[in-house]
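Coordinate inspection notes
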4 protein chains.
Amino acid sequence: MTNVLPEHVENLRTRTHDFIREVVIPAEPRPGARLTDEAKAGLQQQARAAGVFAPHVPVEFGGQGLEIEYWSPVFQEAGYSPIGASVLNCMAPDEGNMHMLNLIGTDDQKIRYLTPLAAGEVRSSFAMTEPHPGAGSDPDALMTTAELRGERWSISGRKRFISGADGAGFFIVMARTPAVEGAKAGATMFLVDAANPGVRLGRHIHTIDRAIGGGHPHVDFEDCLVDRDAVLGEVGLGFRYAQVRLGPARLTHCMRWLGLARRSLDIALDRIGQRQIFGAPIDELGIAQEMIAQSVIDIETSDAIITKTAGLLATDGKAGSAMSSIAKVYCSEAVNRVIDRSIQLCGGDGVSDDLPLASYLNEVRPFRIYDGSNETHKWVISRRASARRKKAVEHGEPFLATLYDDEENTHS
Amino acid sequence: MTNVLPEHVENLRTRTHDFIREVVIPAEPRPGARLTDEAKAGLQQQARAAGVFAPHVPVEFGGQGLEIEYWSPVFQEAGYSPIGASVLNCMAPDEGNMHMLNLIGTDDQKIRYLTPLAAGEVRSSFAMTEPHPGAGSDPDALMTTAELRGERWSISGRKRFISGADGAGFFIVMARTPAVEGAKAGATMFLVDAANPGVRLGRHIHTIDRAIGGGHPHVDFEDCLVDRDAVLGEVGLGFRYAQVRLGPARLTHCMRWLGLARRSLDIALDRIGQRQIFGAPIDELGIAQEMIAQSVIDIETSDAIITKTAGLLATDGKAGSAMSSIAKVYCSEAVNRVIDRSIQLCGGDGVSDDLPLASYLNEVRPFRIYDGSNETHKWVISRRASARRKKAVEHGEPFLATLYDDEENTHS
Amino acid sequence: MTNVLPEHVENLRTRTHDFIREVVIPAEPRPGARLTDEAKAGLQQQARAAGVFAPHVPVEFGGQGLEIEYWSPVFQEAGYSPIGASVLNCMAPDEGNMHMLNLIGTDDQKIRYLTPLAAGEVRSSFAMTEPHPGAGSDPDALMTTAELRGERWSISGRKRFISGADGAGFFIVMARTPAVEGAKAGATMFLVDAANPGVRLGRHIHTIDRAIGGGHPHVDFEDCLVDRDAVLGEVGLGFRYAQVRLGPARLTHCMRWLGLARRSLDIALDRIGQRQIFGAPIDELGIAQEMIAQSVIDIETSDAIITKTAGLLATDGKAGSAMSSIAKVYCSEAVNRVIDRSIQLCGGDGVSDDLPLASYLNEVRPFRIYDGSNETHKWVISRRASARRKKAVEHGEPFLATLYDDEENTHS
Amino acid sequence: MTNVLPEHVENLRTRTHDFIREVVIPAEPRPGARLTDEAKAGLQQQARAAGVFAPHVPVEFGGQGLEIEYWSPVFQEAGYSPIGASVLNCMAPDEGNMHMLNLIGTDDQKIRYLTPLAAGEVRSSFAMTEPHPGAGSDPDALMTTAELRGERWSISGRKRFISGADGAGFFIVMARTPAVEGAKAGATMFLVDAANPGVRLGRHIHTIDRAIGGGHPHVDFEDCLVDRDAVLGEVGLGFRYAQVRLGPARLTHCMRWLGLARRSLDIALDRIGQRQIFGAPIDELGIAQEMIAQSVIDIETSDAIITKTAGLLATDGKAGSAMSSIAKVYCSEAVNRVIDRSIQLCGGDGVSDDLPLASYLNEVRPFRIYDGSNETHKWVISRRASARRKKAVEHGEPFLATLYDDEENTHS
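Quick caveat: nothing in here was measured; it's all calculated off a predicted structure. (Residues numbered from 1 in each chain as written. Chains lettered and ligands numbered in written order. Predicted model: local features only at pLDDT ≥ 70, side-chain atom pairs only at ≥ 80, totals over all residues.)

1. Some thoughts on the overall build of chain A
Helix and strand counts for chain A come out as 12 helices and 10 strands. Taken over C-alpha atoms, the radius of gyration comes to 23 Å for chain A, in line with the 22 Å a tight globule of 412 residues would show. When the backbone C-alpha atoms are referred to their principal axes, chain A occupies close to 80 × 80 × 45 Å. Here chain A, with 412 residues, has 58% of them falling under the buried criterion. In chain A, the share of contacts with a sequence separation of at least 24, taken over all contacts with a separation of at least 6, comes to 72%. (Helix = DSSP H or I, 4+ residues; strand = E, 2+ residues; numbered from the N terminus. Rg over C-alpha atoms; globule rule 2.2 N^0.38 Å. Buried ≥ 20, exposed ≤ 12 C-beta atoms within 10 Å, placed from the backbone. Contact = placed C-beta atoms within 7 Å.)

2. Regarding the interface of chain D and chain C
Contact with chain D, which involves 57 residues of that partner, is made by 57 residues of chain C. Only helix H7 (238–274), helix H8 (286–315), helix H9 (317–345) and helix H11 (374–394) of chain D provide two or more residues apiece to the side of chain D that touches chain C. Of the residues forming the side of chain D that touches chain C, the biggest block, 16 residues, is contributed by H8(D).

3. Observations regarding the relation of the copies chain D and chain C
Each copy of the sequence occupies a distinct position, and chain D is placed on chain C by a rotation of 180 degrees and an axial shift of 0.0 Å, giving an RMSD of 0.0 Å. In symmetry terms, the pair is related by a two-fold rotation axis. (Least-squares fit on C-alpha atoms with pLDDT ≥ 70 in both.)

4. So, the interface of chain A and chain B
Every contact between the two is made by 57 residues of chain A and, on the other side, 57 residues of chain B. Those elements giving two or more residues to the side of chain A that touches chain B turn out to be helix H7 (238–274), helix H8 (286–315), helix H9 (317–346) and helix H11 (374–394) of chain A. Sort the elements by how many residues they give to the side of chain A that touches chain B and H8(A) lands first, with 16 residues. Of the residues assigned to the side of chain A that touches chain B, the class counts are 29 nonpolar, 10 polar and 18 charged. (Nonpolar A, V, L, I, M, F, W, Y, C, P; charged D, E, K, R; others polar.)

5. Some points on the nonpolar core
Residues Phe190(A), Phe190(B), Phe190(C) and Phe190(D) are the most contacted members of the largest nonpolar core, which totals 507 residues. When residues no more than four places from it in sequence are discounted, the contact partners of Phe190(B) are Ala146(B), Trp153(B), Ile155(B), Val173(B), Ala175(B), Val226(B), Ala230(B), Val231(B) and Leu232(B). (Core = buried A, V, L, I, M, F, W, Y, C linked by C-beta atoms within 7 Å.)

6. A few points about the relation of the copies chain A and chain B
Superposing the two chain copies requires a rotation about an axis and a translation along that axis. Structural alignment of chain A on chain B gives an RMSD of 0.0 Å, achieved by rotating through 180 degrees and translating 0.0 Å along the axis. The share of interface residues of chain A whose copies in chain B are also at the interface is 100%, consistent with both copies meeting through the same surface.

7. Overview of the packing of helix H1 (residues 7–24) of chain C against helix H3 (residues 71–79) of chain C
Residue and element names in this part refer to chain C. For the pair H1 and H3, interaxial distance at closest approach is 9 Å and the crossing angle is 0 degrees. With respect to their mutual orientation, H1 and H3 come out roughly parallel. Contact residues: Val9, Leu12, Arg13, Thr16, His17 and Ile20 in H1; Pro73, Val74, Glu77 and Ala78 in H3. A class-by-class count of the residues in the contact of H1 with H3 yields six nonpolar, two polar and two charged. (Axes fitted to C-alpha atoms, helices over the stretch in contact; angles between N-to-C directions. Parallel < 35°, antiparallel > 145°, perpendicular 65-115°, else oblique.)

8. Some remarks on the domain arrangement of chain A
Residue and element names in this part refer to chain A. Domain assignment breaks chain A into domain 1 (7–92 + 99–118), domain 2 (124–232) and domain 3 (239–394). Relative to domain 2, the C-alpha centre of domain 1 lies at a distance of 26 Å. Broken down by element, the residue count for the side of domain 1 that touches domain 2 peaks at five residues, all from helix H6 (residues 107–118). Taken together, the residues of the side of domain 1 that touches domain 2 break down into seven nonpolar, three polar and two charged. (Domains from an automatic or database assignment.)

9. Some remarks on unusual backbone geometry
Between Ala92(A) and the following residue, Pro93(A), the backbone shows a cis peptide bond with an omega angle of -5 degrees. With a phi close to 60 degrees, Asn89(B) is a non-glycine residue in the positive phi region. Examined against the element boundaries, Asn89(B) turns out to sit in the loop between helix H4 (84–87) and helix H5 (94–104).

10. A closer look at the packing of H9(A) against helix H8 (residues 286–315) of chain B
Where H9(A) contacts H8(B), the axes come no closer than 10 Å and their chain directions differ by 95 degrees. One finds that H9(A) runs roughly perpendicular with respect to H8(B). Contact with H9(A), carried on its side by Met323(A), Ile326(A), Val329(A) and Tyr330(A), involves Val296(B), Ile297(B), Glu300(B) and Thr301(B) of H8(B) and no other residues of that element. For the contact of H9(A) with H8(B), the class distribution of residues is six nonpolar, one polar and one charged.

11. Looking at the confidence of the model for chain A
Residue and element names in this part refer to chain A. Of the residues in chain A, 94% reach a pLDDT of 70 or more, and the chain-wide mean stands at 92. Residue range residues 406–412 is modelled with pLDDT below 50. Its contacts to residues more than four positions away, or to other chains, number eight contacts. The complex prediction reports pTM at 0.95, with the ipTM value standing at 0.94. (pLDDT = per-residue confidence, 0-100.)

12. A word on H1(C)
Residues spaced three or four apart along an α-helix point in a common direction, a consequence of the helix completing one turn every 3.6 residues. All names here are of chain C. End to end, H1 covers 24 Å across 18 residues, agreeing with the expected 26 Å (1.5 Å per residue, within 8%). Those residues of H1 that fall on the buried side of the exposure criterion are Val9, Leu12, Arg13, Thr16, Phe19, Ile20 and Val24. Down the axis of H1, the sector holding all buried residues measures 130 degrees, keeping them to one side. Opposite its buried face, H1 presents the exposed residues Glu7, Asn11 and Glu22, each directed more than 90 degrees away. (Expected span 1.5 Å × (residues − 1). Arc of directions from axis to C-beta.)

In structure tokens form, the structure reads like this:
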């Protein structure tokens, strides 16, 4: 349990570190602009050549085969550039979709969907969220349905805020399914080609983040017909798989954004290292020192809770998923604080396009809402803590809230 | 790098967990009272029998031989009771003194000082802090001196806030020494018996914490004569050793107090689990849920940064010591928040002696000041971050604060 | 609406400022000790002579006749010493009881109860809180009852956490009353002499605050008989009066504690003004400056919200009472922060008895719980905001959460 | 000192309230878009007709003649729409320029500059900030100079971040002047027509805010010749006037943005009032209630400190200007928090263009940096507090940091 990384991990981390600085940062678009598909393709080619492409993907699908407990140092290096994860093909939502396809897809599904996705040839999208009052923070409210008609499933329903949908090659669609052929009623996941005539891309929801290619549009499914082998995993177990996907997906967001927080602090340190105010170097001035120290603390504690969660995910998926709620809330807020402080340290330039910090802030702000809002996670964290404690006391842990003056107290 | 503890660690953790609940908690004095020496001796005897005594001490000195990277889970269990660490003989300042004696003491010194200390037969004290303007947060200001007179050193100076001094069997005293016999001028540590006639115990400084036996008195050294073999480590290297001591000592404080934070949350959960307000169980009410969730997050992130720091201390003392500043600031504040919220959740009983929470708060409040105030650590953390970044840029990391409009900018 | 105080207020404020510094501060007991009754009586005599006694009490009852909108500057001066409000006879709970007696007492009740209370000859207590699950934060749960038997009321029930009860001359007791003689069923307040044989003082609840004379004991009422003229105000309107009492009572707590916060900051400024660290005066070091600035901001904003609330209470009791929830939450937390920072700025002395700061912290910590816990107030504040906004929209305010893409949206 | 507004103020506030809701809100551009000059002119015409135009401008210049201590309620109403202040012609930087022209301009200057500015016929700009290392947060570093050549001044220097410069009709330029004709060396303000051939508009600095018309460009002055009567106020007193301008200008920012914070909370309340999650209305859920309550507290305390500061500015400009630093830091952070929470309460829509909240956040974020960064203000606040306390002790206030055990202490 020391922090020394195995050699293959340290090597990949170092290669990624160097690749980001030598290749990716010089190619970053200016604040407000997006990376073009052509530029991305060229950078991905260089990433393959440098041996840093798709770090989390098994070697047989063209990746670096990194174990989940070691994703963090490498994903943080990727996230040091806002386009790093896209270039390395470990960006949401594709990264989570690859992870899930690898875990529960059939061999045929892996060949058909995982192979091109891992290779960066197509993008994908995860279609779960629905317009109010459908499935949002509350998955039980799922309104999209699928019903079996002979050898095909017909999917109907509206989805919204489907990140990456525009330009995606396929969707993983969550739909409510009835009890059928021995499977219980529940939710089921389907692999649906974007070209399926039952798929219709709707209005884009324009948000302040830009890093996820394909935006956040509405997507409608209207009598969308797919074969039986489009079912991902087993019928009726969709929500269980969603948890399998969401725990790591939440955590990789933390890793990537933490890389961007490190970048932000470095920008601020570089900036204020050159400057003087009131006749003293700014980084010698205490109010700046307070801010720098708090940012360092935010970064190191975020790193630590990510490491802890990743370790749990590797050995105990359920505990890891529960811990990922904690990591998500903490890191999403810590990362916001770090970038916000860096802006403040850079003064007027911090809120201008002359530095990328303001655009970083807009990039990470939604992360406190996406993947389950922090408030929803806190509600879950609290209920879990209460339930676990009640159970522990029932199983023999001493009850600790007896007032000391019990005897007198019974008379008062 | 998964979180699974080795079997011997998990076993010791479980034994400690059970011992605290079955033996220690029932023996806790009421808020405001202190554990008597007799009661402590009896509990220590039971701890030896239960195989949980002195977890951090090498087996040859009667301890459990736990490696530093595994101290945290066991020390947290000890700290679940405010008297737990004393009973298990892993309380400050003895625990840090044992650690240092074991690392740099001669065999004779170990026999004479470490053996009885590890056995719980004597207590010890670390005499570094001095009255203003002497060595406080700023060790360079050290005013106590030692000079070599033939075969003996004569130590003179006043120390204050010497935790554990009253009743201690010996002191480790930091004094300024001149260049002598090949050693550079600097600070040197001396082992001084409390019975030495040159030692005089002064006024106690009454503080709001109670957990450290022996209080925080002044101690004066007046022509205090010790033999040459009283030098701990080498002459002139005292500050280097102080860092060796302080990194782990800071971190074990974090571990113990985190145990107490867990206890506080459990008290609050037990308390509010029974209660209703506005017709609903309190732990279903969202404002309470917000507080519970924040406390869980504080506890888990504190645990994570401690684990990270302990892992570093095991492999890279210097990096570990630097990280311990971060852990100290974060954990001391997190622990305060957790206990404070638990008080709030318990209402009027929380600030009364009917529950121990208010006494816990007074116990941990000073930790934000002791072992270097958090502000001093933040100052250090910030300076280190600035210096490291400057060095990195000098060594080839890209400078990141160039304004985008460089060209235009040169005209503006 | 400028901030210039009328001359009579400014004069009283100045007199109080000087009296506190010249007479009260030199007489303060050391941390942990209490002011003796004899010492208090002597100081009160001096306060009368100095024309600063009972600032809020009408002149005809021996006070200074200050209007409620001007209490704040004078009460803050009083609160600059932890014993100041007791000496000036404007301490809780007496101060709130005087205010209520003056507003709703009969002439006879004023002569019998208000006159000696205002003169500092007796203390009083407000008996509303009950053991769980009785009236605590939730007044609807009131379990103490009173029933009319001929010409006397018989009161029965148990009260707890009755601040000031030990040694009080009389109680104002809240009890549930049935519909009787035209009055609706509800709660009613009764004036009960402490000597009444139906009153029994119970166990004290030992809390960390010391400033309220008479502690926080349990009080039982067992067939406690009082005459009809013991009813304070009208039968059945007890809760309405409680609100009349609680709004100002909450706010005067804010005023007094804000005075203590000012004292704490002054202690810290005096302390660090003398000191150097790292070769620079501490108050030139930025991390200290950050803390000082935040404390100044906390103090000035607390002062401002108190002024706003006091102004409202003077002209619109209901709005003022609602605003007092906001002031209470804000000021109780701000005052805690200010004292906590002052402790931190004073280092080890801050947590010792050599300075009074740690005792101040214990004094004000309960204020976040007393008078309705801050969480309860936040719950109320939030519900009021939601209800008011709903009503405003119903009455014509534009509804503001229509999504921009309404039209498209209807298709998506 | 009650809070009841005089009738003429309450009437203007009500008219403004209604005008914003009936006329301005329906005309707001969508997020990201700007108000066109034509649209603004039309709305300003309606504002004149409604008797709400230029509330702070003397009646003789076409305004409503509101006294500074009553600006807050009216400016908050204006700020309830992000375009409100522009429509009512009380937006920065024009509003501050009008205020200063009215206070220190000559009659001729008022006719030539204030009249058209107050009428909304031209915009203006305040040119003080310079490129690093010139005057930024530190006005002493002023590098732009003016020298007297016969009957004309020649101004030379570069300014940057000159808000509103693009399209402005004239500038108020701060330049360093030598000792001349009895005036001391110092800084002097000049009125410079934008059409002056010595004025050259430079590169725009693109920032995340949009509300200030005319952007934040660089402006160069190259041998820019103006007549003697272009001096605003007296030669050499420029910084003193800058303080006259900046105190109120900072505070009116607080007022306007506080209006926008109110709007944001209303949006969130409207939004969540309609929604359910986990089967309960969101505004009944405690974690939301916590956020709502904190926002209400932020709004009311901001309002209170603004009122306090405005009252001071009306009677004691120097004290008011000092207090405006406190108000600026507090309100700029409170407003950010309120908008940020409202975004969080609205979930994914909160970070999308379907609601205006994300654009509001970008609008107010720079306010923590503009007009002196909050860190600079905190530095000033802290130094003022230290200096004031030292002076008070020198003048007889008791020194409060003597340790209790003085006597013993002298021996220890």
